2 protein chains.
Amino acid sequence: MSQSTIVIKLGGGEGVNPEPLLQELPELLARGHRLVLVHGASAVANALADQAGLDRRQIQSPSGHLSRYTYPAMLEIFVAAAAGQMNKTLVAHLQARGVNAAGISGVDGRLLVAERKRAIRAVENGRQRVIRDDYSGKLRASHPQVLHALLDARFLPVVAPVALGTEGERLNVDGDRAAAFIAGALGAHALVILSNVPGLLADFPDPDSLMRQVTPQTLAKARAAAQGRMKRKVLAAEEALAAGVSQVILADARVANPVATALRGAGTVFRHH
Amino acid sequence: MSQSTIVIKLGGGEGVNPEPLLQELPELLARGHRLVLVHGASAVANALADQAGLDRRQIQSPSGHLSRYTYPAMLEIFVAAAAGQMNKTLVAHLQARGVNAAGISGVDGRLLVAERKRAIRAVENGRQRVIRDDYSGKLRASHPQVLHALLDARFLPVVAPVALGTEGERLNVDGDRAAAFIAGALGAHALVILSNVPGLLADFPDPDSLMRQVTPQTLAKARAAAQGRMKRKVLAAEEALAAGVSQVILADARVANPVATALRGAGTVFRHH
């Protein structure tokens, strides 16, 4: 598998420890893989929003999905936390381990282009209303040239989940789906999505119910089993496969060598057949 | 002057309007210049620090220089504001104008390596004390490979003034001196330092006393004339010339086509002879 392109998504949720991945990356790079690291930022963004005294209300969709209400002041905090704090912390930690990382966001080089959700239906206190000042986006395109420039020059690109809006805005986008878009644009061999779960559980929260493989035949079952944040990860996996990625693995960030472990088949592997 | 490398520093102080420069950049790029934009972040960092309720004490050196006291919580805010908010705002504005900008910081690709100031002598209420928890750095080296990778692929690099410490820390560094280091590492034809002043005034604040040229013969006079923030700009100019940059121009960010205007000799031009 030398020279294969692997996109790694590191969850940004509360309690996700980047250490096992950071320790593994020098070894993975030494094997010749072309790697791109995409990270989340929710815990860091929550902390900065609290420090700045912002209201962290969530938007609940009519179908029950929860997402960050990214009003203009929250967007500033999200960009600061994701593209500033989290991105540069990861890059500095990697540099300290001898990995020549370079951090960007989806705004840079138009890596991630999204369309702002101009009118979001939300349920609040049992009533529906329309939110018009949210700055989150629906991903539309990925221009991977900036990643190729960095990869060809032997840098490890580290990407924050901020997208460029079609009118030049900066937009909050979901990190898992951003990673899926990037993996598709790069024609990646694998997308490995790491967080504090062993994978997708058929019978949440029973740890013995881990689904090892999801193929088109079992996708409906996977969709139905996904709870909470897992819903978006399953969607990201579907999007990456549809964009031509060979396999998507939802796996555990907490184990030693999390990427190699995932590639050996731990976690939940989504395949074309 | 086609294909010449020009490093542009845009001041981040209160009231510096980036618009004239942002309007000029497409035209400068169309002429074939290799451009790098380095930006400051003080006003944005001050605003975020206030929002986060941080104490914005300054450090006064025994010789009277003032600098940001970058204690750990302030470093987080500085990185968030500089590498997150300011950097991505500039990149998004440039993208909206059709310029394929890509934003990084000095941490990325080890572009700017600095040494943390572990013990800073400060004067407070007339007494000297030593500050040991400051995360600002003295620039030691610039590795320009990440800029070459982006420039060769036709991106406009936009650089935030955060450096990588020798122990893997992120450090606050002065934007003017960061630009001087980068200009030196690139062997730039010119470093243009733009802010809300017409240049260096021999008799501050008399606008008719603008020094048009500074050569080794008149450097002592320039040093003596520099007030406040201008002291660092003169130091940056000296460092850039010593590193081999052909000319450094301190010029006005507020005029139309500020870079072309500066290159035509407006502002204060520092030369080798």
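Definitions and cut-offs
Residues numbered from 1 in each chain as written. Chains lettered and ligands numbered in written order. Predicted model: local features only at pLDDT ≥ 70, side-chain atom pairs only at ≥ 80, totals over all residues. Heavy atoms only, no water. Contact = heavy atoms within 4.5 Å. Buried area = accessible area lost by both parts, 1.4 Å probe. Salt bridge = Lys/Arg side-chain N within 4 Å of Asp/Glu carboxyl O. Polar contact = N/O pair within 3.5 Å; in protein donor to acceptor, adjacent residues only side chain to side chain. Helix = DSSP H or I, 4+ residues; strand = E, 2+ residues; numbered from the N terminus. Nonpolar A, V, L, I, M, F, W, Y, C, P; charged D, E, K, R; others polar. Least-squares fit on C-alpha atoms with pLDDT ≥ 70 in both. Pairing = 2+ DSSP bridges. Axes fitted to C-alpha atoms, helices over the stretch in contact; angles between N-to-C directions. Phe/Tyr/Trp six-rings, centres within 6.5 Å; stacked < 30°, edge-to-face > 60°. Buried < 20%, exposed > 50% of the residue type's maximum accessible area, 1.4 Å probe, protein only. Lys NZ or Arg CZ within 6 Å of the ring centre and 35° of its normal.

A short note on the interface of chain A and chain B
Of the residues lining the interface, 37 residues belong to chain A; the matching set on chain B comes to 37 residues. Interface area for chain A against chain B, summed over the two sides, is near 2,700 Å², with a carbon-plus-sulfur share of 65%. On inspection of chain A and its partner chain B, the count reaches two salt bridges. In this structure, the salt-bridge partner of Lys88 of chain B is Asp108 of chain A, at a minimum N-O distance of 2.8 Å. Where chain A packs against chain B, one counts 12 residue pairs in polar contact (both at pLDDT 80 or more). Contributions of two or more residues to the side of chain A that touches chain B are made by α2 (42-51), α3 (72-96), β5 (101-105) and α4 (145-152) of chain A. No other element matches the 14 residues that α3 of chain A contributes to the side of chain A that touches chain B. When grouped by side-chain class, the residues that make up the side of chain A that touches chain B number 20 nonpolar, 12 polar and five charged.

Overview of the relation of the copies chain A and chain B
With an RMSD of 0.0 Å, the operation that places chain A on chain B is a rotation of 180° combined with a shift of 0.0 Å along the axis. One copy is carried onto the other by what is essentially a two-fold rotation axis. Both copies share a contact surface, since 100% of the interface residues of chain A are interface residues in chain B too.

Quick notes on the pairing of strand β16 (residues 268-271) of chain A
Consecutive residues of a regular strand have side chains that alternate between opposite faces of the sheet. Residues and elements named next belong to chain A. Taken together, the two bridges between strand β14 (residues 213-214) and β16 define a ladder with parallel strand orientation. Its bridge partner lying in β16, Gln213 is registered against Val269. As judged from the four bridges shared by strand β15 (residues 247-252) and β16, these two strands associate in the antiparallel manner. Following the sheet pairing, Ile249 is matched in β16 by Val269.

Remarks on the sheet that holds strand β6 (residues 112-116) of chain B
Residue and element names in this part refer to chain B. In space, the four strands of this open sheet follow the order β9-β6-β11-β12, with mixed pairing throughout. The sheet is open, and its two borders are formed by β9 (137-142) and β12 (170-172), each paired with just one other strand. Across the sheet, the mean angle from the axis of one strand to that of its neighbour is 50°, orientation sign disregarded. As paired strands, strand β11 (residues 162-165) and β12 are joined by three bridges and run antiparallel to one another. Residue pairing for β12: Val162 is matched across the bridge by Asn172. Seen against the sheet, helix α3 (residues 72-96) touches β11 and β12 and runs at an angle of roughly 80° to β12.

Some words on the packing of aromatic side chains
All names here are of chain A. Across all of its chains, the model carries two aromatic pairs over all chains by this definition. With a centroid separation of 5.0 Å and an interplanar angle of 55°, the aromatic rings of Tyr69 and Tyr71 are classed as tilted. For Tyr69, a relative accessible area of 9% puts it in the buried group. We classify Tyr71 as buried; its relative accessible area is 15%. In this arrangement the basic side chain of Arg116 is found over the ring face of Tyr135, its NZ or CZ atom lying 4.4 Å from the centre.

Quick word on helix α1 (residues 19-30) of chain B
All names here are of chain B. For α1, every residue scored as buried is listed here: Pro20, Leu21, Leu22, Glu24, Leu25 and Leu28. Of the surrounding secondary structure, the elements contacted by the buried residues of α1 are β1 (5-10), β2 (34-39), α3, β10 (156-160), β13 (190-195) and α8 (258-263). Gly32 sits one or two residues past α1 and shows a positive phi near 95°.

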